[in-house]
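Analysis of the macromolecular model
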Amino acid sequence: MSASDPLPHLLVAVPVVIAVCRLGGLLLTRLGQPPVIGEIAVGITLGPSLLGKISPEAQQALFPPESLPYLSVLGNLGLLAFMFLAGLEIDLSALRGHSRTAVAVSQASIALPLALGALLALGMYDRFAPEGTGRLPFVLFIAVSMSITAFPVLARVLSDRGLYHTPLGSLAMACAAVDDVSAWCLLALVAAVTTSGSPEQAALTAVWTLGFLLFMVYVMRPVLGRLARRAGRVAESSVLVVIFSGLCLSAFATDRIGVHALFGAFLFGTVMPRGSRAIELSAARLRAFAVPVLLPLFFVGTGLNTDVFLLAGDPSAWLWAGAVLAVAVLAKWGGSTAAARLAGRPWREAMSIGALMNCRGLTELVVLNLGLQLHVIGPELFTILVLMALITTAVTAPALSWFRQEAPHKAPRNPSDPGAPRPEPAAVP
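The sections below set out a description of the structure shown in this document. Here the structure is a predicted model, which means the values were calculated and not measured. (Residues numbered from 1 in each chain as written. Predicted model: local features only at pLDDT ≥ 70, side-chain atom pairs only at ≥ 80, totals over all residues. Heavy atoms only, no water.)

Quick look at the overall build of the chain now. For the chain, the helix and strand inventory stands at 19 helices and 0 strands. A globule of 429 residues ought to have a C-alpha radius of gyration of about 22 Å, and the chain, at 21 Å, matches this closely. Principal-axis analysis of the C-alpha atoms gives the chain an extent of 55 × 55 × 55 Å. Burial statistics for the chain: of 429 residues in total, 54% are counted as buried. Across the chain, every contact between residues at least 6 apart in sequence was considered, and the portion connecting residues at least 24 apart equals 83%. Roughly 18200 Å² of accessible area belongs to the chain as shown, and the carbon and sulfur atoms make up 68% of that amount. Taking the 28 positively charged and 23 negatively charged side chains of the chain as two groups, their mean positions are separated by 12 Å. (Helix = DSSP H or I, 4+ residues; strand = E, 2+ residues; numbered from the N terminus. Rg over C-alpha atoms; globule rule 2.2 N^0.38 Å. Buried < 20%, exposed > 50% of the residue type's maximum accessible area, 1.4 Å probe, protein only. Contact = heavy atoms within 4.5 Å. Areas by Shrake-Rupley, 256 points an atom, 1.4 Å probe, with all protein chains shown as cover. Lys, Arg positive; Asp, Glu negative; His and termini not counted. Charge placed at Lys NZ, Arg CZ, Asp CG, Glu CD.)

Encoded structure:
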């Protein structure tokens, strides 16, 4: 093999990343946290924030420049699979009996972060916006990034505490489902505005996006429903091939439209039929490989773009980081709590819902990496927002235990998923 061949480097980097992310996830699980916290932290430590400072030579040897594009491709494949699974987990039937409260809480948990995030972004624009970035895309992106809730991580926290099927869990899942769908629609709008060179192009992108959405809901969903009813007659491997091929083609379509491939994978998951054993088994097998094997490569990519030392010598940067964290918590947690309280929920339950809606997790990292790819934000603000996502996710489990008056709960020892709830034994043996 030639010196420029990236394969030898990948054969070392991939198992190292998988192993250390697994260890980080298990360690944080023992501390009562969802494993995604440990995996995010490990990704950051492998980047310039720790390993690059302690031993630049070791980081260069583990992640040479010629291997980074291939690590990124593998990580993005894992990310597409995760987005599909996140869409598949969203079940709006949870709104039954909670529709009025869920809509009120979810919209409050989006509206207040959007408003306060936009005001904060206006003050941050001159300092943090990359050169050539328009004020509108920057403000819209910061506003949307403040309104994200990590639906899969929230589901995992509820599942680990035995709250998944309780009234509180059902309400929180319904709120998060509406929140996620709304936030991703807003983010698609931001991507369209950012990638379009003129208002006419943005409008055309929006029209194409709406057309694709209608096609997926009214054409593909019935087709997938008919295929699901016949899935029991074909090999399970064939169902998995259809699912993976479908999410890739859907991602390709939205990438060509101009709103990023992630939206296509997420949308394909939302229109996938529920209740099919063959689909559940295939999704579980996809999760079992993509989440522990490919997704850690995405965490490392995030870590390589996160450099805490960019903030080290600048006190004003830390002040901005504190402002971002304060606005994120006040807007998301406070808005959700107030809406739940106004809907007649007791204070403890309202505060618990607010804590759950404040969880950002991996979904926030997906959004932030999208902003970095679109050059809406730069490395310094990216680092600030990653730290905000890490902190707001880390406080979710302890806060829930506090308001529920529980002892900190230890999750299962062998989690296979950084966010999604464990599948039911009857559906996934």
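And the narrative resumes.
The next point concerns helix α15 (residues 315-342). Here α15 spans 39 Å end to end across 28 residues, near enough to the 40 Å set by a 1.5 Å rise per residue. Downstream of α15 by a residue or two, Gly344 has a phi angle that is positive, lying close to 100°. (Expected span 1.5 Å × (residues − 1).)

This part covers the environment of Trp320. By secondary structure assignment, the location of Trp320 is in helix α15. Here the alpha-carbon distance between Trp320 and Arg127, two residues 193 residues apart in the chain, equals 10.0 Å. Every residue in contact with Trp320, bar those within four places of it in the chain, is listed here: Leu120, Gly123, Met124, Arg127 and Phe128.

A few words on the environment of Ser49. The residue Ser49 is located in the loop between α2 (35-45) and α3 (51-54) in this model. A residue is classified by how much of its surface remains accessible, and Ser49, at 12% relative accessible area, is buried. Here the alpha-carbon distance between Ser49 and Thr383, two residues 334 residues apart in the chain, equals 9.9 Å. Apart from residues lying up to four places away in sequence, Ser49 is in contact with Ile44, Thr306, Asp307, Val308 and Phe309.

Packing of helix α18 (residues 379-394) against helix α19 (residues 396-404) brings their axes to within 4 Å, and their N-to-C directions diverge by 25°. For the element pair α18 / α19, the angle class is roughly parallel. Of the residues in α19, those in contact with Thr392, Thr393 and Ala394 of α18 are Thr396, Ala397 and Pro398. Taken together, the residues of the contact of α18 with α19 break down into 3 nonpolar, 3 polar and no charged. (Axes fitted to C-alpha atoms, helices over the stretch in contact; angles between N-to-C directions. Parallel < 35°, antiparallel > 145°, perpendicular 65-115°, else oblique. Nonpolar A, V, L, I, M, F, W, Y, C, P; charged D, E, K, R; others polar.)

What follows covers a nonpolar patch on the surface. Together, Leu210, Leu213, Leu214, Phe215, Tyr218 and Val219 make up a nonpolar patch on the protein surface, roughly 570 Å² of accessible area in all. With respect to the helices and strands, Phe215 occurs in helix α10 (residues 199-230). (Patch = residues over 30% accessible without salt bridge, like charges linked within 9 Å, V, L, I, M, F, W, Y side chains within 5 Å. Salt bridge = Lys/Arg side-chain N within 4 Å of Asp/Glu carboxyl O.)

The next subject is the packing of helix α17 (residues 361-373) against α18. α18 packs onto α17 with a crossing angle of 170° between their chain directions and a minimal axis gap of 9 Å. Accordingly, the angle class assigned to the pair α17 and α18 is roughly antiparallel. Judged by residue contacts, Gly361, Glu364, Leu365, Leu368, Asn369 and Leu372 of α17 engage Pro379, Phe382, Leu385, Val386, Met388, Ala389 and Thr393 from α18.

Grouped together as the largest cluster of nonpolar side chains are 114 residues, with contacts concentrated most on Phe84, Phe138, Phe141, Ile142, Leu187, Leu362 and Leu381. Looking at this core element by element, the count peaks at 15 residues for helix α9 (residues 167-195). Ignoring sequence-local partners within four residues, the contact set of Phe138 consists of Ala121, Met124, Tyr125, Phe128, Ala129, Thr133, Val376, Ile377 and Leu381. Residues Val14, Val17, Leu51 and Leu62 belong to the second largest nonpolar core, which totals 13 residues. (Core = buried A, V, L, I, M, F, W, Y, C linked by side-chain atoms within 4.5 Å.)

Scanning all chains against the criterion turns up 5 aromatic pairs. Taking 6.0 Å as the distance between ring centres and 90° as the angle between the ring planes, the aromatic pair formed by Phe128 and Trp320 counts as edge-to-face. Of the two residues, Phe128 sits in helix α6 (residues 99-128) while Trp320 sits in helix α15, which places them 192 residues apart along the sequence. Overall, Phe128 belongs to the buried group, its relative accessible area being 6%. Judged by its relative accessible area of 24%, Trp320 falls in the partly exposed class. Ring centres 6.1 Å apart and planes at 85° place the aromatic pair Trp333 and Phe403 in the edge-to-face group. In this pair, Trp333 sits in helix α15 while Phe403 sits in helix α19, placing the two residues 70 residues apart along the sequence. Of the residues examined, Trp333 reaches a relative accessible area of 16% and is grouped as buried. (Phe/Tyr/Trp six-rings, centres within 6.5 Å; stacked < 30°, edge-to-face > 60°.)

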